[in-house]
Every structure is written in C-alpha cells, then in structure tokens.
Amino acid sequence: IPFLDDSHMDIESFCKSEVEPMGKECDQPQIIALTEYLGMSIEIAYLDGRAFNESEGLNSVIFPDEISKIVSPFKVHLLYRPGHYDILYK
C-alpha cells in the first residue's frame, strides 16, 4: 500500500496507530478515506504560518482531487491550524 511506511505493514496496524488514538493529527490518507466513505468533498484552508497573499486568499486543498469519481452537491469546509481542524460554515 503506497502510503504506508515501514512502521505500518497493513491497514489494521495503520488504523490502530494513526486513526483510532486521540491526539493524532489527521493526514492525507485519513482525509481521502473519509471523503470516499461519506461520498462528499472536503476543502481544507490552511492557517499554518504560510505566507498570506491577499489577492489569492488562504491556501486551500480540495479532497478528493479532480480525477475522483465522487460527485456530490455537499462540501465540508475545514480550517486547519497546527494540531486542530475547525469546521467552517458558509
């Protein structure tokens, strides 16, 4: 499995060490799994010390990417600050 490093030999050990414990940050594999499970997209705006460009706004990433087959009228908006995600209401 491409996103598992040497410390995780299978999905079960990855979930036990990276998904289930409290206090662990959610990373790209968990976000992609969540979007696929829920069948909706997630936009994450980053407020993590990166340079802010007023004309472009916050840096953001939309999951899943454009090649995904997920089509949903719903999108969850999150604001990422180091160690914490906030749900944004639009």
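A brief structural summary. The structure presented is a predicted model; accordingly, all values stated were derived computationally and were not measured.

The rules behind each value
- Residues numbered from 1 in each chain as written.
- Predicted model: local features only at pLDDT ≥ 70, side-chain atom pairs only at ≥ 80, totals over all residues.
- Heavy atoms only, no water.
- Helix = DSSP H or I, 4+ residues; strand = E, 2+ residues; numbered from the N terminus.
- Buried < 20%, exposed > 50% of the residue type's maximum accessible area, 1.4 Å probe, protein only.
- Areas by Shrake-Rupley, 256 points an atom, 1.4 Å probe, with all protein chains shown as cover.
- Phe/Tyr/Trp six-rings, centres within 6.5 Å; stacked < 30°, edge-to-face > 60°.
- Pairing = 2+ DSSP bridges.
- Axes fitted to C-alpha atoms, helices over the stretch in contact; angles between N-to-C directions.
- Contact = heavy atoms within 4.5 Å.

**Side note on the overall build of the protein**
Phase 1 of the analysis: Assigned secondary structure in the protein consists of two helices and four strands.
Phase 2 of the analysis: Of the regular secondary structure in the protein, the N- to C-terminal order runs α-α-β-β-β-β.
Phase 3 of the analysis: In the protein, which comprises 90 residues, the proportion classed as buried is 21%.
Phase 4 of the analysis: In the form shown here, the protein has an accessible surface area of approximately 7,000 Å², with 56% of it arising from carbon and sulfur atoms.

**Considering the packing of aromatic side chains**
Phase 1 of the analysis: If you walk through the whole model with that rule in mind, you get two aromatic pairs.
Phase 2 of the analysis: Both rings, one in Y80 and one in Y85, keep their centres 5.0 Å apart while their planes meet at 55°; by these two values the pair is tilted.
Phase 3 of the analysis: In this structure Y80 comes out as buried when scored by relative accessible area, which is 11%.
Phase 4 of the analysis: We classify Y85 as partly exposed; its relative accessible area is 26%.
Phase 5 of the analysis: Each residue in the set Y46, Y80 and Y85 is aromatic and connected to the rest through ring pairs, giving one cluster.

**Some words on the sheet that holds strand β3 (residues 75-81)**
Phase 1 of the analysis: On the basis of which strands lie adjacent, the open sheet formed by four strands has the order β2-β1-β3-β4 and mixed pairing. At either margin of the open sheet sits one strand with a lone partner, and together these are β2 (59-63) and β4 (84-88). Going across the sheet, the axis of each strand differs from the next one's by a mean of 25°, ignoring polarity.
Phase 2 of the analysis: As defined by bridge partners, strand β1 (residues 41-46) adjoins β3 across six bridges and the pair is classed as parallel. Bridge pairing in β3 links E43 to H77.

**Examining the environment of E25**
Phase 1 of the analysis: Considering the arrangement of structural elements, one finds E25 in the loop between α1 (11-19) and α2 (28-38).
Phase 2 of the analysis: Assessed through its relative accessible area of 41%, E25 is described here as partly exposed.
Phase 3 of the analysis: With 60 residues separating them along the chain, E25 and Y85 place their C-alpha atoms 9.1 Å apart.
Phase 4 of the analysis: Each residue touching E25, except ones within four places of it in the same chain, is listed here: Q30, Y80, P82 and G83.

**Observations regarding the side chain of S41**
Phase 1 of the analysis: Considering the arrangement of structural elements, one finds S41 in strand β1.
Phase 2 of the analysis: By relative accessible area, which is 14% here, S41 ends up buried.
Phase 3 of the analysis: Contacts of S41, omitting those with residues within four sequence positions, involve I62, F63, P64, F74, K75 and V76.

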